Structures are given as C-alpha cells and as structure tokens.
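As a plain string of letters, each chain reads:
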Amino acid sequence: MLSVDARLIRCGVDQVAVTFPQAGGCLCGATRYEIREDPLIAYACHCTDCQTASGSGFALCLTTPVATIDVGRGAVERRTISFEDGRVWNFLVCGECETRLWSERRTTPEIVSVRAGTLDDPSWVHPVAHIWVASALPWSPIPADALRYPGQPGDPMEMIRAWRERAAR
Ligand SMILES: [Zn+2]
Ligand SMILES: [Zn+2]
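Read on for an overview of the structure. For clarity, every value in this text was computed on a predicted model and none was experimentally measured.

Some words on the overall build of the chain
So, step 1. Looking only at helices and strands, the chain has two helices and 13 strands in total.
So, step 2. Considering only contacts within the chain whose residues lie at least 6 apart along the sequence, 54% involve residues at least 24 apart.

Here it is in structure tokens:
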C-alpha cells in the first residue's frame, strides 16, 4: 500500500512532517534507494557490535519490511559476518563503496534494519526505543520518554506501538 500523505512525527518538542517515499543512498552515489512506507520502528542500538560496525556510540536504525524498499540504481550486495559464538549477521551494502545500507534480521530476513544515516534526510528519525543500553556509552543521550531495554527487546510490538503513537494528532 502506497502512503503519500505527510505524516507528522513528534521530535522532542518539535513536529516534523515526513512524506513517503524517503530517499537514501550510499557514500559514492552508485546506489540509491527509496523507502515507500512509514517504517515499523525507529530505534537506537547501543550493542558493542553496532559500536564496532559503525565506529560510533550506537546505530540509528529503521525497522521495515524489505518489500517496502525500492533500489533505484546500483547493485546492492549481501555481506555475511560469522561470529565466533555461531551468530551470523547478514547486511546489504553498495557493491561499489561498501556503505552498509541495511541488515537482515536473523530469524525474519524479510524484515530489515535500515541504517538511518544513509537517508538523504534522517532528521525525522527520532528513536522511540534504545536497546542494549547496558553497553551504552556513559554520555549517550537517552531521553527519559524513550523506551529502554538493557538487551534485546522480547516483544517488538511495544516499540511498534510507541512509534505509531508518536504520530502527532
Ligand atoms: Zn556506493
Ligand atoms: Zn546493535
């Protein structure tokens, strides 16, 4: 279902209007994509893997069905990391410059986590939840009104509901 209406999202004290599709792409410009619909969740992950992979304090992500992403140009390629403990992490990159665009959930690969910083305008991506806060950097800004989980959330519906409720009325 195509959503073209502007959606107001509360960002702290402000409201921002967001329309879909939202465009994004890689660093070199070879790969461009669009997200057609409002994602399920926007969250920040403070796990040590995301810290290592991003080179930053946390990863800012959008959870969305991969079917809502259109790759306009470029060759998106899958990369796989196998961890020593047996976990496997599949992520999709620009085949030219290796910018990481989204990763597949292990149990449900049809749902992906888009790296929000690859959007042309990520300003509206205000995370409703912070996960793996047990390994968050001590100075990490985690607003009091955000959901917080010490590790992986058990029930994603709580975050999905929070994201929907963030739509301004
Ligand atoms: Zn690229
Ligand atoms: Zn993480």
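A few points about the environment of Arg 73
So, step 1. If you trace the backbone, Arg 73 turns up in strand E7 (residues 69–73).
So, step 2. Owing to 10 C-beta atoms within 10 Å, Arg 73 belongs among the exposed residues under this scheme.
So, step 3. Sequence separation of Arg 73 and Asp 38 is 35 residues, and the distance between their C-alpha atoms is 21 Å.

Focus: the pairing of strand E8 (residues 76–82)
So, step 1. Taking burial as the measure, the seven residues of E8 include zero buried ones, a minor fraction of the element.
So, step 2. One ladder, built from seven bridges, connects E8 with strand E9 (residues 88–94); its direction is antiparallel. The partner of Ile 81 across the bridge, within E9, is Trp 89.
So, step 3. Linking E8 to E9, which pair antiparallel, is a turn of five residues; within it Gly 86 sits at a positive phi near 100 degrees.

So, the sheet that holds strand E12 (residues 129–131)
So, step 1. Ordered in space as E8-E9-E10-E11-E6-E5-E12-E13, the eight strands form an open sheet in which the pairing is mixed. Two strands close off the open sheet at either side, each with one partner strand: E8 and strand E13 (147–148).
So, step 2. Bridge count for E12 against E13 is two bridges, and the pairing is parallel. Following the sheet pairing, His 130 is matched in E13 by Arg 148.
So, step 3. The strands that helix H2 (residues 157–165) touches are strand E5 (41–45), E12 and E13; relative to E5, the one it contacts most, it runs at about 120 degrees.

Reading the values: rules and limits
Residues numbered from 1 in each chain as written. Chains lettered and ligands numbered in written order. Predicted model: local features only at pLDDT ≥ 70, side-chain atom pairs only at ≥ 80, totals over all residues. Helix = DSSP H or I, 4+ residues; strand = E, 2+ residues; numbered from the N terminus. Contact = placed C-beta atoms within 7 Å. Buried ≥ 20, exposed ≤ 12 C-beta atoms within 10 Å, placed from the backbone. Pairing = 2+ DSSP bridges. Axes fitted to C-alpha atoms, helices over the stretch in contact; angles between N-to-C directions.

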